[in-house]
Amino acid sequence: MKNVWARRLIIAAFSLCVLGCVAGVASVVGIFWYYGRDLHALDEEALANYRPPQVTRIYAREGELIGEVFEQRRTVVRYDQIPSHVENAFLAAEDADFYRHEGMDYMGMVRALIANVRAGKVTQGASTITQQVVKTFMLSPERSLERKVQELILARRLEQAFGKTEILMLYLNEIYLGHGRYGIEEASRFYFGKSIADIDMGQAALLATLPKAPGRDSPLQNPQKAKARQIYVLEQMVKHGFAAPEDAQRYIDAPLNLVAPSEREVVERGAEEFVDAALTLLEERYGDELPTLGAAVHTTVSLRTQAQVRQAAVEGLAAIDGRNGYARGLEPADEATRAKVAAQAEGPLSPGRVLDVVIVSSNEHVIEATAAGRPVQVELGPREAVVLPDAKRDAKKDADRFPPGAVVSVRITKAALGDVPTRARIAAGPESAVVVLDVATGDVLAMIGGSVYERGDFNRAMDAKRQPGSAFKPFVYGAALAEGRITPATLLDDSPEVYKDWKPTNYKRDRYLGTVRARVALAKSINTIPVKLIDELGPAAVIDFASRMGIETALPENLSIALGAGEVSPYEMARAYLTFARGGERIEPRIVVRVERIGAEDWQPEQSKQRVLDEAPAFLLTSMMRSVVTEGTGRKAAALGRDAVGKTGTSNDARDAWFAGYTPEHVAVTWVGFDHQRRVGKGETGGKAALPIWLGAMRAVSTGTPTSFVPPQGVLVRTIDAASGLLAPTGSAAEGYEGKTVEEYFIEGTAPIEEAVPAALPKGDVLLGLYDDEPAATAEGSTDAAQ
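Okay, so let's go over this structure.

Here is what the cut-offs are and how they apply
- Residues numbered from 1 in each chain as written.
- Predicted model: local features only at pLDDT ≥ 70, side-chain atom pairs only at ≥ 80, totals over all residues.
- Heavy atoms only, no water.
- Helix = DSSP H or I, 4+ residues; strand = E, 2+ residues; numbered from the N terminus.
- Buried < 20%, exposed > 50% of the residue type's maximum accessible area, 1.4 Å probe, protein only.
- Contact = heavy atoms within 4.5 Å.
- Areas by Shrake-Rupley, 256 points an atom, 1.4 Å probe, with all protein chains shown as cover.
- Pairing = 2+ DSSP bridges.
- Axes fitted to C-alpha atoms, helices over the stretch in contact; angles between N-to-C directions.
- Core = buried A, V, L, I, M, F, W, Y, C linked by side-chain atoms within 4.5 Å.
- Expected span 1.5 Å × (residues − 1).
- Salt bridge = Lys/Arg side-chain N within 4 Å of Asp/Glu carboxyl O.

## Section: the overall build of the protein chain
- Looking only at helices and strands, the protein chain features 23 helices and 23 strands.
- Counting over 787 residues, the protein chain shows a buried share of 52%.
- Considering only contacts within the protein chain whose residues lie at least 6 apart along the sequence, 71% involve residues at least 24 apart.
- Of the accessible surface of the protein chain, which amounts to about 35200 Å², a share of 52% is contributed by carbon and sulfur atoms.

Written out as C-alpha cells, the structure is:
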C-alpha cells in the first residue's frame with residue numbers, strides 16, 4: 001500500500017512539474033505574444049541601406065582641413081576596412097560569443113535575471129551586440145520588461161535577416177564613443193589622430209572600453225580608470241583566444257597612446273569662402289543627401305596664397321581708411337548727435353544691419369557701445385552692443401582712439417542671445433573682394449569675400465553685384481576687334497556727342513583730344529570712344545560678346561554699358577578675364593577638384609573648354625591692355641615686374657573701384673566699395689584704391705620664372721607712325737621724318753598699307769604728349785566722373 005501511495009505521490013509531483021513547466025512555457029509564450037503583438041516588423045530595407053549622419057570634410061589643395069559639415073561626427077567604414085584586432089577587442093568587451101549565439105546570450109540572461117531579482121528592479125542587462133543594435137535602431141532606451149521582450153524578439157529577427165558581419169558593422173559605426181564622436185572611425189581620429197585601419201591592439205582595446213559610459217570612462221577625463229578598463233579588455237581578449245598573452249602584455253605595460261592635442265586634426269581658418277562655395281556646390285548636386293554624405297571634398301584654395309591675398313586686402317583697406325579718416329580721429333559727439341543716433345538705431349539689431357552706435361568704453365580688444373542710449377546707460381531698452389574692431393585693419397589700438405561718447409559705424413554680426421549682447425564689427429570704411437585664378441587650370445587659388453569673413457557671411461567676391469566702370473571697356477574693344485571693326489592702330493575720335501539726354505564726358509570734363517589710336521584710347525581710359533563704338537556695334541553685340549567671355553548677369557541693353565553701367569560680380573569679371581588670358585578659350589573657374597565617398601565613385605565637377613574668341617583678336621586685346629600698364633591708368637601694376645595687363649575701373653560717383661588684370665600665369669580681380677553704396681572716398685579711383693590690392697594679390701602667386709604673352713599664328717608686327725596709325729615712312733620717304741614710331745600688332749590682312757607722309761605730320765606724338773604730362777590716376781574716365 002505504501003508503494004502505491006509513493007508511486008501516486010511521485011506521479012502527482014511529476015505531473016505538477018510538467019504542468020508547471022507547461023504553464024511556465026505558456027506564460028513565456030504569452031508574455032512574448034502580449035508584448036510583441038503590436039511590434040512593427042523589422043525594417044530590413046532601412047538597415048540594409050544604412051545612411052546615418054556623417055561628417056563631410058573640406059580640404060585645401062595641399063591637404064589642410066578647412067571645414068567640416070555634420071549633424072553627428074561620424075564616418076562610416078565598411079567591414080573589410082576594420083582590422084581584426086579592433087573587431088576582437090569589441091567582441092571581448094561586449095559579446096565574446098557573438099559568432100556562436102543567434103542574437104541572445106542565455107547564460108548571460110540568467111545571470112542578469114538573478115541580479116535583477118536580488119535588486120528588486122532591472123539593474124542589469126545581458127545585451128548581445130545584436131540586441132544593442134536593436135535597442136539603438138528600433139527601440140526606446142527605457143528599461144522595462146516590455147522593452148526587453150521586444151528587444152529579444154527583434155534580435156532574433158535581425159539575426160535571421162542579416163549576417164554577423166553586417167550586424168557588427170552597424171554596431172561599430174553607430175555607437176557613441178564620447179566627445180561628440182560617433183562610430184569607431186571618428187573616435188580613432190579624435191583619440192589617436194589616425195584612421196581606424198591604423199591603430200594598434202592597445203588602442204583598439206581602449207576604444208572598446210567606451211560604449212558603456214563614454215563620458216565617465218573617457219581617457220581624457222579619467223586616464224587611470226581608462227587604463228584599468230583597457231587592461232581588463234586586453235585580458236578578456238587573451239581569455240577568449242582573441243590575442244596572444246605576450247602581445248596583450250606589451251600593451252598592458254605600455255602607457256595610453258593618445259594623440260597630443262596639438263597634433264589632433266583641426267580646422268585651419270582663413271578659407272571660409274571656399275567652404276561656403278563648396279557646400280553650395282554639394283547642395284546643388286546631392287540635395288537632401290548632404291547630411292549623410294560623409295565625403296572628402298578637395299578644393300583648389302592655397303591657404304598660403306589666401307592668407308597673403310587677404311593681408312593685401314586688409315592693408316589696402318587700411319590705407320584707404322587712413323586717407324579718408326574712416327574710424328579715425330573720433331571725438332565725443334554732442335547731445336543732439338547722440339540723440340539722432342539713438343533714434344536711428346530703433347528696430348531689430350539683426351545680423352548684417354549697418355548703423356551708428358555710441359561708444360561707452362574701449363580697451364585694446366573690445367569697444368562697448370550702445371545702439372540706442374547714453375554712453376554709459378541704455379535709454380531705449382537693454383540694447384547694449386559689443387563692437388569688435390578688426391585688429392588687422394586698425395593699426396592704432398589705444399583706448400583713446402575710441403573715446404566714450406564718440407559715434408562710429410558698425411555692422412551687426414550676431415544678434416543678442418540671453419545675457420550675451422549684440423556683436424558687431426567696425427564698418428566705417430569700405431570693403432573689398434578679390435579673386436585669383438590659375439590661367440592653365442582655372443583653379444581658384446584665393447577668394448576674399450571681405451576683410452573679415454566667417455562661415456555664412458556675405459561673400460562679396462561671388463555675390464556682390466556692382467558697376468565695373470571702365471573695367472568693362474575691354475569687352476567693347478574686344479567685340480570691335482572680333483568683328484574686324486578696328487585694329488589697335490585704328491584712329492578714333494575723342495569728341496563730345498549727345499545721345500538723347502546723355503552726354504558722356506571724360507574724367508576731365510570738357511577735355512577732348514581729337515583723333516587717337518584705339519590702343520591709346522583704352523590705355524588712357526577715354527570715355528567718349530567706347531560709347532561711339534557701342535553705338536556703331538549695337539549694345540546687343542557687346543552684351544553677347546561679354547556673355548560668351550563669362551559675364552552671365554543680365555546687362556542693360558543701352559549705350560551706358562560702354563562705361564560699365566551694368567552690374568557684375570568680381571567672380572564673373574575674373575571668369576571673363578580668364579577667357580582673355582587663355583587666348584579666347586573659356587573654361588569655368590574650378591573651386592572643387594573632386595569629391596571622395598566611401599563605397600561610391602569619386603565625383604569631379606565637369607570643366608569643359610570652349611573656344612569663344614579667336615586667338616588673334618584675343619591677343620590684340622591683351623596687347624592693348626598691356627599699354628594700360630605701361631603707359632596708361634594702370635601704371636602701378638608695372639611694379640609686379642612681369643608681363644602684366646589689365647584695366648582700371650571706377651563706377652559712377654566713384655562708388656566702386658576695380659582693377660582686373662592678368663599675367664600669362666594668373667588672373668586677379670579686385671573690387672573696393674561700400675556695401676551700402678556710397679562714394680569710396682575723395683580721389684579713390686580704381687588705380688588708387690583697388691590696384692594696390694591687386695598688386696599684393698599677384699605678388700602672392702607670382703613666384704616662378706616670368707613669362708611673356710606670345711603672339712599666335714596669323715598676328716604680324718608692323719612699325720607704324722604713332723600719330724596717324726599708318727606705316728612708318730621707309731626709304732627716301734623717311735627723309736625729314738621727325739615723328740614717333742611704335743611697333744604694333746595686326747591680324748594678317750588688316751595692317752595699313754599706306755605710309756605716313758612726313759610733310760603732313762606734326763612733330764612728335766602730340767596726342768600722346770598731352771596725356772603723358774598727366775598723372776596716371778587723373779587720366780581715368782568713368783560713366784560721368786572717374787573710371
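And the narrative resumes.
## Some words on the pairing of strand β16 (residues 592–597)
- Pairing between strand β5 (residues 295–299) and β16: five bridges, direction antiparallel. Within the sheet, the bridge partner assigned to V297 lies in β16 and is V595.
- Of the strand pairs in this sheet, β16 and strand β17 (residues 600–603) are connected by two bridges, and their pairing is antiparallel. Bridging across to β17, R597 finds its partner in A600.
- Where β16 folds back on β17, the antiparallel hairpin that results is connected by two residues, among which G599 adopts a positive phi of roughly 80°.

## A word on the sheet that holds strand β19 (residues 645–650)
- Strand order in the open sheet formed by five strands is β12-β11-β21-β20-β19, and the pairing between neighbours is antiparallel. Where the open sheet ends on each side, the last strands, each with one partner, are β12 (444–448) and β19. Across this sheet, the average inter-strand angle for adjacent strands is 5°, counted without regard to direction.
- Note: strand β11 (residues 431–438) against β12, four bridges, orientation antiparallel. Pairing of V434 across the sheet is with I448, part of β12.
- Packing of helix α13 (residues 303–324) onto the sheet brings it into contact with β11, β12 and β21 (666–673), and relative to β12 it is tilted by some 35°.

## Side note on the sheet that holds β17
- Reading across from one edge, β2-β1-β5-β16-β17 is the order of the five strands in this open sheet, with mixed pairing throughout. Whereas interior strands pair on both sides, the edge strands pair on one side only; in this sheet they are β2 (65–69) and β17. Recorded for the sheet is a direction-independent mean angle of 15° between the axes of neighbouring strands.
- As paired strands, strand β1 (residues 56–59) and β2 are joined by four bridges and run antiparallel to one another. Residue pairing across strands places I58 opposite G67, the latter belonging to β2.

## Remarks on the nonpolar core
- Counting residues in hydrophobic clusters, the biggest one holds 92 residues, and the most contacted among them are I66, F475, Y477, M573, Y577, F580 and Y662.
- Sequence-distant contacts of M573, that is, excluding residues within four places in its chain, are made with P468, A471, F475, I551, V568, W658 and V669.

## Overview of helix α20 (residues 570–581)
- The end-to-end C-alpha distance of α20 is 16 Å, a good match for the 16 Å that twelve residues give at a rise of 1.5 Å each.
- The buried count for α20 comes to twelve of twelve residues, which makes it a mostly enclosed element.
- Listed as buried for α20 are P570, Y571, E572, M573, A574, R575, A576, Y577, L578, T579, F580 and A581.
- Of the residues one or two after α20, G583 is the one with positive phi, at around 70°.

## Remarks on the environment of M104
- When you line up the elements, M104 lands in the loop between α3 (84–94) and α4 (106–119).
- M104 gets classed as buried once you look at its relative accessible area, which sits at 13%.

## Description of the pattern of salt bridges
- Scanning the model with the defined rule gives 41 salt bridges in all.
- Here D443 ties to R61 by a salt bridge, and the two come within 3.5 Å at their closest N and O atoms. Here the residue D443 occupies a position in the loop between β11 and β12, and R61 occupies one in the loop between β1 and β2, the gap between them amounting to 382 residues.
- On the accessibility criterion, R61 (39% relative accessible area) is partly exposed.

## A word on the pairing of β1
- Of the two faces of β1, both are covered, the one formed by T56 and I58 as well as the one formed by R57 and Y59.
- Adjacent in sequence and paired antiparallel, β1 and β2 are bridged by five residues, among which G63 carries a positive phi angle near 100°.
- For β1 and β5, the ladder comprises three bridges, and the chain directions are parallel. Its bridge partner being in β5, I58 is matched across the sheet by V297.

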